[in-house]
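# Commentary on secondary and tertiary structure
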Amino acid sequence: MARHVSNSRKAVVTALAWGIGLLIFFPILWTILTSFKTEGEAINSHPSFLFFDWTLENYHTVNERSDYLGHFWNSVVIAVGSTLVGLLIAIPAAWSMAFVPGKRTKDLLMWMLSTKMMPAVGVLVPIYLLARDTGLLDTKLGLVIVLTLVNLPIIVWMLYTYFKEIPGEILEAARMDGASLGSEILYVLTPMAVPGIASTLLLNVILAWNESFWTLNLTAANSAPLTAFIASYSSPEGLFYAKLSAASTMAIAPILILGWFSQKQLVRGLTFGAVK
Amino acid sequence: MTVTVRALMSASLLLAVTGAASAQTTITVATVNNGDMIRMQRLTPDFNAKHPDIKVNWVTLEENVLRQRVTTDIASKGGQYDVLTIGNYEVPIWAKQSWLVPLDNLGADYDQADLLPQVAQGLTLNGKLFAVPFYAESSMLMYRTDLLEKAGLKMPENPDWDFIAQAAEKMTDKGAGVYGICLRGKAGWGENMAFLTSMNNSMGGAWFDMQWKPQFDKPEWKKTLDTYLKLMSSYGPPGSSSNGFNENLALFQTGKCGMWIDATVAASFISDPKESKVADKVGFAPAPTRAGGSNHGNWLWSWNLAIPASTTKAEAAKTFVAWATSPAYTKLVAEKEGIANVPPGTRSSLYKNEAYLKAAPFAPMTLKAIEAANTQKPSEQQVPYTGGQFVAIPEFQAIGTAVGQQFSAALAGKASAEQALSASQALTSREMTRAGYPK
């Protein structure tokens with residue numbers, strides 16, 4: 001039965017939710033606003049919120065100086081590529097951990113997560129040398145491999161928790177009907193876990209899109225994604241906040257739009273399995 | 001024409017095109033996002049016209065990202081870059097590691113003797129040049145002529161710190177939002193420590209004695225920090241512990257600072273009427289000394305082009321480096337971008353060019369500041385290091401930043417000057433012992 005909630009309580013909760021939402025969104029909003037200011041206005045000690053001379057000058061400069069589309073394409077290939085390869089490995093892995101756990105499955109999961117606990121810079125030199133010797137420095141393939149490995153523990157963990165919620169009996173029934181292991185995963189498990197897989201996919205695309213340590217350190221001119229594009233607009237001597245904001249806005253816009261259109265899927269996936 | 005003949009012709013055309021393309025060498029140039037470098041990037045078509053066989057790829061990165069990125073690559077011989085933009089802090093250290101290609105024979109029309117000796121010296125090891133300067137700067141005092149006049153003072157030829165304190169007090173009008181002095185406060189070896197190290201040089205102090213013992217327990221550092229904190233707390237803008245070059249630049253340009261002591265390159269920004277509200281009211285003087293002293297701090301920074309030993313395209317890289325730092329490049333910038341935008345501080349011929357002196361009224365003071373800087377003997381005391389606003393040892397980045405955090409905390413009022421100095425002494429001693437000094 002639905003609990004009775006008074007209108008005033010509803011209003012308070014709504015206002016609170018909006019307040020927190022705006023607070024979290026504010027830095028992004030400020031970046032977007034700053035991108036339309038002049039450099040002088042951007043660093044003004046009494047900043048104005050909306051009433052300044054709006055200008056597109058920063059976007060012109062950024063477009064003139066950098067190859068946005070090139071960086072954008074690199075970001076797409078690296079983010080989507082690493083997530084898809086990751087899913088390909090993680091779905092069977094999560095299946096076996098969820099449905100045929102062994103004695104050490106829990107330890108294995110913890111160990112996988114523990115690889116995320118080391119600061120990335122700790123393995124920079126070994127990975128750099130490996131990439132150098134295999135000719136993968138400054139290639140998209142190299143970054144896809146590294147980001148797949150970096151995000152794999154998270155993908156496996158997320159899928160594992162989603163798969164745990166699916167009753168094993170359904171898979172057993174499929175086996176009774178003569179489904180092979182491959183078709184059991186592909187035709188029975190995967191369709192049921194679509195919301196979970198979709199949210200894992202989206203979240204990992206976002207994580208890979210925003211990843212800035214490896215994407216900056218393993219690239220030079222050819223495969224640099226949008227993170228390198230942003231990093232090229234900070235300046236030690238000279239004003240740069242407005243141009244940097246324009247570059248940032250251009251870099252986050254695609255992922256922001258993707259998130260906006262898929263928010264239903266994201267929320268559904270993130271709360272999937274919350275009801276027991 | 002038959003289809004076969006056509007196909008053959010287009011195939012041979014394709015071969016010819018790809019053949020030409022493969023004869024082209026592609027070099028990758030890593031650089032920072034400063035105005036002069038962006039101009040160089042914009043002028044690449046001129047280089048392409050002169051050297052159609054060399055294609056240039058640009059990688060522009062934030063200074064600290066660039067430093068980390070380039071260091072990883074050069075230390076592991078990754079060979080990702082063919083030309084590097086590095087500071088005069090790195091050049092001697094990297095040259096010693098044999099990470100850089102010596103740059104002696106850059107062509108007959110390069111005129112190496114024209115490079116300012118103070119700048120070239122910092123890039124030379126064992127008589128060989130390991131990088132060529134793209135632009136260089138020292139530090140100087142920039143002030144508002146109108147405010148100084150209002151205060152009833154006249155700028156001496158060589159101001160000392162006592163005069164600065166006196167002028168800062170008289171120029172400050174907090175009600176009108178005018179602060180007598182703006183100085184760097186943001187922590188970092190290249191931020192507040194660049195200023196404070198050179199201020200300490202001018203006070204007669206040093207970072208280390210001949211046994212590499214840190215000197216923060218000596219009266220010179222105490223005097224430096226006390227003077228700095230007094231100036232900033234009484235006459236500085238609020239929140240100055242987070243101000244770096246850019247923040248102070250914005251404050252000065254909007255008329256909020258009476259005086260500012262910082263890199264000479266700022267002079268062109270504050271004198272540019274398009275950017276600065278006070279462009280017609282700025283004056284320049286040498287960086288202050290202590291009363292009766294003659295050491296102006298020995299601040300000298302240059303951004304240089306160097307070629308890593310790991311490159312396989314050293315010849316093409318050399319051609320590019322020579323193009324970007326030659327007298328001909330100066331002419332090119334003057335023609336295409338205006339003479340005031342020529343990269344400053346590297347060639348003495350620029351300071352004899354009448355047109356430049358007319359377009360850049362601050363040029364004589366910039367030259368004077370650079371010529372006064374002695375990176376080989378930064379302190380009045382005998383010291384085992386070279387440098388100026390930094391100490392040219394690999395450990396300085398980490399130590400300088402840690403000490404900078406102590407001093408920035410003192411400026412923010414979170415610690416006293418004594419606490420900041422004793423903490424700095426302790427942490428520097430610890431790090432130097434760990435690094436194996438004295439060596």
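Residues numbered from 1 in each chain as written. Chains lettered and ligands numbered in written order. Predicted model: local features only at pLDDT ≥ 70, side-chain atom pairs only at ≥ 80, totals over all residues.

Applied cut-off: UniProt positions are given in the numbering used here, feature names are shortened, and annotations may be inferred rather than shown by experiment.
As named in an unreviewed UniProt entry, chain B is ABC transporter substrate-binding protein, taken from Ancylobacter oerskovii. As stated in UniProt under Subcellular location (unreviewed entry), the record for chain B gives "Periplasm". Under Sequence similarities (unreviewed entry), UniProt gives the following word-for-word description of chain B: "Belongs to the bacterial solute-binding protein 1 family."

The name given to chain A in an unreviewed UniProt entry is Carbohydrate ABC transporter permease, and the organism recorded there is Ancylobacter oerskovii. Its UniProt record gives chain A a comment under Sequence similarities (unreviewed entry), which states: "Belongs to the binding-protein-dependent transport system permease family."

### Some remarks on the overall build of chain B
Quick note on the threshold: Helix and strand assignments come from DSSP, with helices taken as H or I runs of at least 4 residues and strands as E runs of at least 2, each series counted from the N terminus. Backbone-placed C-beta atoms define the burial measure: a residue is buried with 20 or more other C-beta atoms within 10 Å of its own, exposed with 12 or fewer, and partly exposed in between.
Each helix and strand in chain B was counted, giving 18 helices and 11 strands. Referenced to the eigenvectors of the C-alpha coordinate spread, the extents of chain B come out at roughly 90 × 50 × 40 Å. Classification of the 439 residues of chain B by burial places 49% in the buried group.

### A look at unusual backbone geometry
Backbone geometry follows two general trends: most residues other than glycine have a negative phi, and most peptide bonds adopt the trans configuration. All names here are of chain B. Residue P438 follows Y437 across a cis peptide bond; omega there is -5°. In this structure, P438 sits in the segment after α18 (417-434). Notably, K77 is not glycine yet its phi reads approximately 50°, a positive angle. Tracing the backbone through its elements, the reader meets K77 in the loop between α4 (63-75) and β3 (83-87). Backbone geometry at W212 places phi at a positive 65°, although glycine is not the residue there. Counting through the fold element by element, W212 comes out in the loop between α9 (192-202) and α10 (219-235).

### Brief notes about the environment of A359(B)
Residue and element names in this part refer to chain B. Worth spelling out the cut-off: We call two residues in contact if the C-beta atoms placed from their backbones are at most 7 Å apart.
Topologically, A359 is positioned in helix α15 (residues 354-359). Separated by 19 residues in the primary sequence, A359 and A340 have C-alpha atoms spaced 5.5 Å apart. Apart from the residues within four sequence positions on either side, A359 is in contact with I339 and A340.

### Regarding the UniProt feature "transmembrane region" (unreviewed entry) in chain A
The sites that UniProt annotates as "transmembrane region" (unreviewed entry) are residues 12-33, 72-96, 108-129, 141-163, 184-209 and 240-261 of chain A. Helix makes up 59% of residues 108-129 of chain A and strand makes up 0%, while its end C-alpha atoms are separated by 28 Å.

### A few points about the interface of chain B and chain A
At the junction of the two partners, chain B supplies 25 residues and chain A supplies 24 residues. Where the side of chain B that touches chain A is concerned, the elements lending two or more residues are β1 (25-32), α2 (35-42), β2 (54-61), α4 and α11 (245-253) of chain B.

### Notes on the packing of helix α4 (residues 68-99) of chain A against helix α10 (residues 194-210) of chain A
Describing two packed helices takes the angle between their axes plus the distance from one axis to the other. All names here are of chain A. So the rule is basically this: For every element, the axis is a line fit to its C-alpha atoms; helices are fit only across the contacting stretch, and the angle between N-to-C directions ranges from 0 to 180 degrees. For classification, angles of less than 35 degrees are called roughly parallel, those exceeding 145 degrees roughly antiparallel, those between 65 and 115 degrees roughly perpendicular, and all remaining angles oblique. A clockwise turn of the near helix away from the far one marks a right-handed crossing, whereas an anticlockwise turn of less than a right angle marks a left-handed crossing. For this scheme, ten residues count as nonpolar: Ala, Val, Leu, Ile, Met, Phe, Trp, Tyr, Cys and Pro. Four count as charged, namely Asp, Glu, Lys and Arg, and the remainder, Gly too, count as polar.
Contact geometry for α4 and α10: axes closest at 9 Å, N-to-C directions at 140°. Looking at the two axes, α4 sits oblique to α10. The element α4 and its partner α10 pack so that their crossing is right-handed. Note on element contacts: α10 touches α4 through I197, L201, N204, V205, A208 and W209, opposite S75, I78, A79, V80, S82, T83, G86 and L87. By residue class, the composition of the contact of α4 with α10 is 9 nonpolar, 5 polar and no charged.

### Considering the environment of W260(A)
Residues and elements named next belong to chain A. Among the secondary structure elements, W260 is positioned in helix α13 (residues 241-261). Its 9 C-beta neighbours within 10 Å are what place W260 among the exposed residues. Residues W260 and Y162 lie 98 residues apart in sequence; the distance between their C-alpha atoms is 23 Å.

### Observations regarding the sheet that holds strand β11 (residues 301-306) of chain B
Residues and elements named next belong to chain B. Defined as follows: One bridge is not enough; two strands pair if DSSP finds at least two bridges between them.
Strand order in the open sheet formed by 5 strands is β2-β1-β3-β11-β6, and the pairing between neighbours is mixed. Across the chains shown, the open sheet's two edge strands, defined by having one partner strand only, are β2 and β6 (132-137). Ignoring strand direction, the axes of neighbouring strands in this sheet form an average angle of 20°.

### Focus: the sheet that holds strand β9 (residues 257-263) of chain B
Residue and element names in this part refer to chain B. Strand order across the open sheet formed by 4 strands is β8-β9-β7-β10, with mixed pairing between neighbours. Of all strands in the sheet, those with a lone pairing partner are β8 (179-182) and β10 (282-286), marking the two edges. Sheet twist, expressed as the mean angle between neighbouring strand axes with direction ignored, is 20°. In this sheet, β9 lies alongside β8 in parallel orientation, the contact comprising 3 bridges.

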